[in-house]
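Here is how the chains run, residue by residue.
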Amino acid sequence: MKALVAVKRVIDYNVKVRVKADNSDVDLANTKMSINPFCEIAVEEAVRLKEAGVVSEIVVVSIGDKSCQEQMRYAMALGADRGVQVEAEGKLNSLDVARILAKVNESENAGIFILGKQAIDSDNNQTGQMLAALLDVPQATFASEVKIADGKAQVTREVDGGLVTVEMDLPAVITTDLRLNEPRFAALPKIMQAKRKPLDVKTLADLGVELTNSVELISVETPAERSGGIKVDSVDALLDKLRNEAQVI
Ligand code: AMP
């Protein structure tokens, strides 16, 4: 069974995000970029499934400009077998990403699709769900445990009230939550080997996809500075401040 794993290049999670002076977008100049953490977990899960003999090939797909090849190579260093980059410039909305992934799958016929639950730059949390709908296959989002046997996936999902376990037929879409696994460290020899793994580049025209560009970014603002807190001496003083200063009770 083939696993198709979608990986996105995003601003590194350790970076303090800056906004451009004209508020038009986040400033990415001279900023460290990385694989989206949830996508890294998705790659790790696919590699574990391959090591367990469940998956035979792992294909990573990334949609973006040439720079996303860096994160695809990283995914290959973790253990993915090959990559498909779909060239696209600028910001993409989730539906377009899902449409492109579905098109890529027309020639891949994957048995399992593993995506991050969300990209930490746009925080959409939509692509996996939309992909499942377009492919008309079952989905299990926010996975914290995945077991595959007899053509079925048993997935434990993190939900508001705790954990819920679902079983679904394959092919299916799984999106990863933080506790699913702890990604391995990419060792130097693996990084070197990854440079020689196949990486196909396709255009949107090759796939016959036209972007809808249905979401327009109007402006980006930095969050308001938080003012420092104070310590109060008693519960009465706290109640007084909540009642008379904050006026929340
Ligand atoms: P989102 O719905 O945008 O929060 O993204 C959820 C997941 O969809 C990500 O963790 C990736 O697995 C996948 N994804 C989103 N954008 C891209 C992209 N440009 N290229 C590849 N995968 C993507």
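Scope of this entry: the structure provided in the associated data block. Here the structure is a predicted model, which means the values were calculated and not measured.

**A word on the environment of Leu 92**
Then step 1. Mapped onto the elements of the fold, Leu 92 is located in the loop between β5 (82-87) and α3 (94-108).
Then step 2. Considering only alpha carbons, one finds Leu 92 and Asn 124, 32 residues apart in sequence, at a separation of 11 Å.
Then step 3. Sequence-distant contacts of Leu 92, defined by excluding residues within four places in its chain, comprise Ile 63, Val 97 and Leu 211.

**Some details on the pattern of salt bridges**
Then step 1. Counting across every chain of the model gives 19 salt bridges.
Then step 2. The shortest N-O distance in the salt bridge between Glu 57 and Arg 82 comes to 2.8 Å. Of the two residues, Glu 57 is situated in strand β4 (residues 57-64) and Arg 82 in strand β5; the sequence distance between them amounts to 25 residues.
Then step 3. Given a relative accessible area of 23%, Glu 57 falls into the partly exposed group.
Then step 4. Residue Arg 82 is classed as buried on the basis of its relative accessible area of 17%.
Then step 5. One salt bridge in this structure joins Lys 241 and Glu 245, with 2.8 Å as the shortest N-O distance. Of the two residues, Lys 241 and Glu 245 are both situated in helix α7 (residues 235-245); the distance of four residues between them amounts to about one turn of the helix.
Then step 6. Put simply, Lys 2, Glu 57, Arg 82 and Glu 108 are held in one network by salt bridges that share partners.

**Side note on the packing of α3 against helix α4 (residues 127-135)**
Then step 1. Relative to each other, α3 and α4 sit at 50 degrees, their axes nearing to 8 Å. By the angle class used here, α3 and α4 are oblique. For the pair α3 and α4, the sense of crossing is right-handed. When α3 is examined against α4, the residues Ser 94, Leu 95, Val 97, Ala 98, Arg 99, Leu 101, Ala 102 and Asn 105 are found in contact with a partner set consisting of Thr 127, Met 130, Leu 131, Leu 134 and Leu 135.
Then step 2. Looking at the contact of α3 with α4 residue by residue, the class counts come to nine nonpolar, three polar and one charged.

**Observations concerning unusual backbone geometry**
Then step 1. Residue Leu 170 is joined to Pro 171 through a cis peptide bond whose omega torsion reads 0 degrees.
Then step 2. By the secondary structure assignment, Pro 171 is in the loop between β9 (162-169) and β10 (172-176).
Then step 3. The phi torsion at Asp 136 lies on the positive side, around 55 degrees, for a residue other than glycine.
Then step 4. Relative to the helices and strands, Asp 136 resides in the loop between α4 and β7 (139-149).
Then step 5. Classification of Asp 136 by relative accessible area gives exposed; the value is 69%.

Conventions adopted
Residues numbered from 1 in each chain as written. Predicted model: local features only at pLDDT ≥ 70, side-chain atom pairs only at ≥ 80, totals over all residues. Heavy atoms only, no water. Helix = DSSP H or I, 4+ residues; strand = E, 2+ residues; numbered from the N terminus. Contact = heavy atoms within 4.5 Å. Salt bridge = Lys/Arg side-chain N within 4 Å of Asp/Glu carboxyl O. Buried < 20%, exposed > 50% of the residue type's maximum accessible area, 1.4 Å probe, protein only. Axes fitted to C-alpha atoms, helices over the stretch in contact; angles between N-to-C directions. Parallel < 35°, antiparallel > 145°, perpendicular 65-115°, else oblique. Left-handed = near helix turned anticlockwise from the far one by under 90°. Nonpolar A, V, L, I, M, F, W, Y, C, P; charged D, E, K, R; others polar.

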